[in-house]
Each structure stands twice: as C-alpha cells, then as structure tokens.
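Structure at a glance
Each chain, letter by letter, is given below.
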2 protein chains.
Amino acid sequence: MTLASEVTQSRALLSDKIKAHIRGKAKPVGSLGRLEELAVQVGLIAGSTTPDLGDARIVVFAGDHGITAEGVTAYPSVVSREIAKFVLAGSAGVNVLARAAGVGVELVDAGLLEPLPPHDSLLERRIGPGTKNARREPAMSVEDCTAALDAGRILDARLGAENVGIVGYGEIGIGNTSAASLIAHALTGLDLKTLVGPGAGAPALGLDHKYEVLKETFARAAIAPSSEAGRTFEVLRQFGGFEIVMMAGAMTAAAAAGRVIVVDGFISTAGAIAAEALHPGTLDNCVFAHCSAEPGHAALLHHLRVKPLLELEMRLGEGTGAALAVPIIRAAELMLREMADLPGEHPV
Amino acid sequence: MTLASEVTQSRALLSDKIKAHIRGKAKPVGSLGRLEELAVQVGLIAGSTTPDLGDARIVVFAGDHGITAEGVTAYPSVVSREIAKFVLAGSAGVNVLARAAGVGVELVDAGLLEPLPPHDSLLERRIGPGTKNARREPAMSVEDCTAALDAGRILDARLGAENVGIVGYGEIGIGNTSAASLIAHALTGLDLKTLVGPGAGAPALGLDHKYEVLKETFARAAIAPSSEAGRTFEVLRQFGGFEIVMMAGAMTAAAAAGRVIVVDGFISTAGAIAAEALHPGTLDNCVFAHCSAEPGHAALLHHLRVKPLLELEMRLGEGTGAALAVPIIRAAELMLREMADLPGEHPV
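Residues numbered from 1 in each chain as written. Chains lettered and ligands numbered in written order. Predicted model: local features only at pLDDT ≥ 70, side-chain atom pairs only at ≥ 80, totals over all residues. Heavy atoms only, no water.

Turning to helix α11 (residues 266-278) of chain A, a few remarks are in order. Residue pairs three or four apart in sequence face the same way in an α-helix, which turns once every 3.6 residues. The first and last C-alpha atoms of α11 of chain A sit 19 Å apart over 13 residues, in line with the 18 Å expected at 1.5 Å per residue. Among the 13 residues that make up α11 of chain A, 11 are buried, leaving the element largely enclosed by the rest of the structure. (Helix = DSSP H or I, 4+ residues; strand = E, 2+ residues; numbered from the N terminus. Expected span 1.5 Å × (residues − 1). Buried < 20%, exposed > 50% of the residue type's maximum accessible area, 1.4 Å probe, protein only.)

Printed below as a string of structure tokens:
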C-alpha cells in the first residue's frame, strides 16, 4: 500500500471512530445537526475522538494596495492604517466581536503604506510600503512574494509555541477585494464579473469601472500556464497584496501543523483557495465562518461546496465573522471531549 | 397624548438614536449586517445606546407529561430525569455548548415524575409529579397552572438580583413537543399538522398516530372563546406542561424587567408565543437563537416574522441553540458599548 492510500485509510478509520463516538453521546442520534459534522472535521484535524484544541486566536493581516490609484475603492489607502490603529487600541469591530467570543486578537503589519507605532499586539512583518499598482506592473517582486509566504509560515510556528489550536484569519487593506477577486478568478476559473463587488463601499467611479480595471489587470499580468504551485505563486505575486500572501502562507503551515483554520470572508476565502493550491489538503483544516454580503463570497463558497456556519449579512472583514464562529467550533470540540456518553456499545 | 403613545414615541426616538450611534461606528455603514439590527433591539430592550447587559445564563426547565401514555414519543418519561441528571453533572449537551459560549447553566425541576437529588445548580420548583394525560383530562388544575406561572415570575426576580441581563430558556421533557404543538396551534391558528413533528425521535406508533392523538386532545379540551389572557391561561392549563408554563411566566417577567430573552427551539418558541399572549410586548425582548430541525419551528418563526440567528439543523432542545446564540448577542452589545466612534456628527 502506498503512503497516500495508508493516510486515506487511517483517516477513514478515524472518521468512523469519531462518528461512533458521537452516536454514543447522551442525545438523540443526529440531534446536534451540523455541529456533529463540524465535530467530525475537528476530530479529524486534531487526530482524536476527544480533541483538545488549546487556545483560539484571531490574527489580522494588514497591507496596502497600489491598485487603489485606479479608483476602485470608496476609501483611500490611508484608511487601512487608521483601522489597524483601532485594532491595536482594542476598539475595532474585530476586537469587540472577539471579546464577545472570548478570543484574543493580534495584528500583523504585512505591508501598510506607513508603519504603525510599536504595540504589544502588533507583529511587524512589513514586506514593503504597500504593493505596486497591479494594473501597471506586478504587485510585488518574486523575492517579496517569497518573503511574505515565509513570514506567514513563521508566524504560524509562533502560534504552535503558544498552544493555539484554533486560528481565525482576518485582514485589513483598502483595495484588497480587488486583489482577492483576481486571485479567485485565476485559481477557480469563476467568471470575474461574479467576483467583483463593492467591498467596503461602492467605488466612486462605480462597479463597472472596478470590473474594467480588474479585467485589464488580469490581461496585463498574462499568467502563463505552469505547475500548479508555480502558477499560484505567480498569481499571488501579480495581484497581491502582502496581507493575502502572508495569510496564505500562514494557512499552509497551520494546516500542516494540525490547527483548525477559521476562514472569515471573501478575502480570507481567496487566501484559503491560494493556500490549497500551494499546499493541497489545507482546505481539510478550514472551517468557513460565515457568508459575507460581498457578492463574490457566496460564489466562492458554492465553488468549494462548503456551507458556512453563520449567515448574518456581515461584510466588515477584519476577521469579524471568524471571531463569531469560534464558540461554535469550541462547542463541537467540547461535545466530543466533555459530553456524557450513554452506556453500551456504539459500533463503528 | 396617552401613555401608550408616549411610550411608542420615546421608543421610536431611542431607536433613531441607536441607529445614529451605529452609523457613527468605525466601519462602513451597514457592514455588520444583521448584527446591527440585533444591536438596535438590544439597545431598545436595555433603554440605552451603550447597554450593559450584565451576566448571561441558560435556565433549563424540566417537567414530565402524562400524554406519553398515548404512545406519542420515542422515549419513556423516565428519560427526562436522566437528561436532567446529566445537566446537573455538567455533561449534557447544553452544558458543553454553554461552556463553549462562556455561559452558566441552571436547572429548574418544574415537575419531573420523580424528584432529583439536591444539587447546587438545581432549583426545586416542582408543581407536581408530571402532568395528567391531556388526551383524557386537563394537564393541570387551575391552581397548579397559576402556581407554575407565579414560580416562573419569581425565578426571574432572582435573575435580576444576580445581575443577569441575558437569559436563555431551554427545556427538558419527554412529550413536550406534543404540548408545544397544541399550545402553538391554539394560539397561532396554524394548522396542527404543520406543527406535529418527531421531537426527540419518531414515536413508535408513527407520526400519524401522534397527529391523531393531538387532534383528539385538542377536541377534548374544547377551549372556549374568552379574553385573550383567559384563553391563553386555559390553553396552558389544558395542554401543559409544567416546564412550558413556568417558562412562559418567567418570560413575561423577564420582558417586564428589561432582560434580553434568548428563545431556543420549537418548545421555547411556543412558550414565547404564550408569554406574548399573556403579556403583550414580551416578544420585543425575544431574540430567536436558531431554527431547529423540528419542522414546526420554521412555521412558528415564519408566523412571528422573525429570522433566527443560527441555522445549524439542531434539534436537541435543553437550551443548546440559545447557548450558541449568546456570544452573538454579546457581540451586538459590545459593538454598541465598546466599538470606536468615528469623529464627527451622525445626525439622527
């Protein structure tokens, strides 16, 4: 038997064991609905019928985008840093939602236009002062793209050292729905138009203008066929941004390390799609927190054949949806580990 | 101006103030979607643009039902007490889900067949050893129905003394989907068939048998027209059970005291409908946690024109759905109270 088929077989065995374990819980069979499916996923990720995931954390990657020069956003790039400052002050949307869920938040500066003042919750991993304008030239160099992926992987190792088993990824970056639309279009083949939406607010020049700019950007980049990993790298390099690339790197490492990855909205989902292309299997570790109101998000979730946990019509980003999903994931974990078993056998 | 119209006017003014407060938060307008609607409701309940709801708690009412003698359930009545014992041991479904949400749980014995041993988390408020068989006679006497409503109201006062501003109501009681179907049918006029489902599991004699028994029970009770409160009282008395009646009493008092009421599944929703009929305005304080897989629940939510926060196909009862909704309600509260405001005026 090959190693791959042995892994598949042991995964199927564990899945059966977890299902039998859930059937033996003190409740009518199936009565926890989708929480039971989530519990199977969580058990498989942790490799246990009684997983202990450790701490949860929301990691927010921030970066700026040169493509904002093309009038594709409602807000100027300087707003990214203002939002990041609210995150450090503990008063941004993600902070209050994470507080409600009992989860800590940290901010990674992956490449804002201007650096932030030092802060306990700030991880300074700046690749550059925002990306280049991807309509005119690649968003970043090969070296910078490699550095961003590496920085993401190294950040994940830090989570391991701090016993974080549930990590939710959020992002801040005026212009990053443009980057995410291009990445998702390139990697899923979904129609670009389906993937273009208002982001933080309708751009001053309108959605049609945004679509035209993105179409031109995609044509300019002229992504050549290549190996899947090579092509994904080129897609990330061409469209950016630093925060999405770093997040994708972090996701690949989190999956390899057996963490539960909580995917937030449209941009984080594009990041997860890139991570899967770089490191197949990453999606097995991804829990999709919510369906955002950004129209392309539903299309991506449908493409991935996943149903998110929440549908609250949120579209703030920052990891806000991921934060709200953490207690649901924790519930699945505790169901496996702490809920009473009925006496008797529950055959696999 | 009448008192009623003054209340309506001041409510509309506060609603406008809360909406303006939310518009001024550091985020794109409307970007927290349904969390913003929930925040308006929470602010109105608390009477503040920056509410402090205090602690949250799940209160689980347990009671047994004489109608189980008619073969309408998959499990015998003794199972109610077994589940209640798991709740006291901290290992029932509601305990683990509440733990995941950071919420405490207490159990009220409103009338199980047999008493439970004393326990710190047990509130012994037994009206009787289960209800009578409602197919043959009223589930309880006028005195017992009054006592159950009163006990619920008094339990609520205790929550006030303990600074609980968010209270989720759950229930345990083999046979209580039968009681809830009858109450909901009597108070909403929805077709009885729509409201009959499997509950904890398909009854041994089938769903058609359950429907026939409930139809006969409804006919036997011959609820006479009366004042709305008088008729509601008679409906509760005829169909029971002690746990639903006590919950309805607690809900009326919780609404009067300005608490956020988290309504769990089908049975709790029937309780909320009864509470609204007894004390109009109670529903203003109700947040509907989830849509359960019990088919009648969607019909009741549709009838009430409410959209629940979660749809995870759960049907365990006990308050499990309410527990998972608490962090979302807390998020709405903290958004109002702790999220950064943008500089400038945000006119009402």
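Okay, the relation of the copies chain B and chain A next. Put simply, the two copies of the chain differ by a rotation about an axis and a shift along that axis. Expressed as a screw transformation, the operator carrying chain B onto chain A has a rotation angle of 180° and an axial translation of 0.0 Å, and the superposed copies differ by an RMSD of 0.0 Å. Here the transformation between the copies is reduced to the relation of a two-fold axis. Of the interface residues in chain B, 100% have counterparts in chain A that sit at the interface too, so the contact is made through matching surfaces. (Least-squares fit on C-alpha atoms with pLDDT ≥ 70 in both. Contact = heavy atoms within 4.5 Å.)

On to the sheet that holds strand β2 (residues 104-111) of chain A, then. Two modes of strand pairing occur in sheets, parallel and antiparallel, and in both the strands are linked by backbone hydrogen bonds. Residue and element names in this part refer to chain A. Here six strands make up an open sheet; going across it, the order is β3-β2-β1-β4-β5-β6 and the pairing parallel. Of all the strands in the sheet, the pair left with one neighbour each is β3 (122-124) and β6 (286-288). Neighbour to neighbour, the strand axes of the sheet diverge by 25° on average, direction disregarded. When strand β1 (residues 55-63) meets strand β4 (residues 164-172), the two strands line up parallel, connected through eight bridges. In the strand pairing of β4, D55 is matched with V164. Running over the sheet, helix α13 (residues 320-338) touches β1, β4, β5 (260-263) and β6 and is turned about 155° from β1. (Pairing = 2+ DSSP bridges. Axes fitted to C-alpha atoms, helices over the stretch in contact; angles between N-to-C directions.)

Right, let's get into a negative patch on the surface. Negative charge collects at one region of the surface, where E37, E311 and E313 of chain A together with E37, E311 and E313 of chain B lie side by side. Within the secondary structure layout, E313 of chain A lies in the loop between α12 (295-304) and α13. For E313 of chain A, a relative accessible area of 41% corresponds to the partly exposed category. (Patch = residues over 30% accessible without salt bridge, like charges linked within 9 Å, V, L, I, M, F, W, Y side chains within 5 Å. Areas by Shrake-Rupley, 256 points an atom, 1.4 Å probe, with all protein chains shown as cover. Salt bridge = Lys/Arg side-chain N within 4 Å of Asp/Glu carboxyl O. Lys, Arg positive; Asp, Glu negative; His and termini not counted. Charge placed at Lys NZ, Arg CZ, Asp CG, Glu CD.)

Residue and element names in this part refer to chain A. Inspection of every chain in the model, using the stated rule, returns four aromatic pairs over all chains. When the centroid spacing of 5.8 Å and the interplanar angle of 35° are considered together, the rings of F61 and Y169 count as tilted. Taken together, the positions of F61 in strand β1 and Y169 in strand β4 put the pair 108 residues apart, joining distant regions of the chain. The class of F61 is buried, set by a relative accessible area of 0%. Residue class for Y169 comes out buried when judged on its relative accessible area of 1%. Seen from their ring centres, F218 and F239 are 5.9 Å apart, and the 20° between their planes marks the pair as stacked. Here F218 is found in helix α8 (residues 207-221), whereas its partner F239 is found in helix α9 (residues 228-239), with 21 residues between them in sequence. Residue classification places F239 among the buried residues on the basis of a relative accessible area of 2%. (Phe/Tyr/Trp six-rings, centres within 6.5 Å; stacked < 30°, edge-to-face > 60°.)

What follows concerns unusual backbone geometry. Omega for the bond connecting G240 of chain A with G241 of chain A falls within 30 degrees of zero, at -5°, which places this linkage in the cis form. Checked against the element boundaries, G241 of chain A lands in the loop between α9 and α10 (242-256). One non-glycine residue, N163 of chain A, adopts positive backbone phi at about 60°. Positionally, N163 of chain A belongs in the loop between α5 (142-161) and β4. Judged by its relative accessible area of 48%, N163 of chain A falls in the partly exposed class. Even without a glycine there, the phi angle at E318 of chain B is positive, about 70°. The topology assignment puts E318 of chain B in the loop between α12 (295-303) and α13 (320-338).

Residues and elements named next belong to chain A. Scanning all chains against the criterion turns up zero disulfides over all chains. Of all cysteine sulfurs, the one in C286 lies closest to C145, which takes part in no disulfide; the gap is 19 Å. The exposure class of C145 is buried, given its relative accessible area of 0%. Between C291, a cysteine without a disulfide, and C286, which holds the nearest cysteine sulfur, the sulfur-to-sulfur distance is 16 Å. In this structure C291 comes out as buried when scored by relative accessible area, which is 14%. (Disulfide = S-S within 2.5 Å.)

A few words now on the interface of chain B and chain A. On the side of chain A, 40 residues touch chain B, which itself brings 40 residues to the contact. Between chain B and chain A the total buried area reaches about 3,400 Å² when both faces are included, carbon and sulfur atoms providing 69% of it. Linking chain B to chain A there are two salt bridges. Across the pair E338 of chain B and R99 of chain A runs a salt bridge whose closest N-O atoms are separated by 2.7 Å. Counting across the chain B and chain A interface gives 12 residue pairs in polar contact (both at pLDDT 80 or more). Of all the secondary-structure elements, those providing two or more residues to the side of chain B that touches chain A are α2 (34-46), α4 (93-101) and α13 of chain B. For the side of chain B that touches chain A, the element with the highest residue contribution is α13 of chain B, accounting for eight residues. Looking at the side of chain B that touches chain A, its residues break down into 26 nonpolar, five polar and nine charged. (Buried area = accessible area lost by both parts, 1.4 Å probe. Polar contact = N/O pair within 3.5 Å; in protein donor to acceptor, adjacent residues only side chain to side chain. Nonpolar A, V, L, I, M, F, W, Y, C, P; charged D, E, K, R; others polar.)

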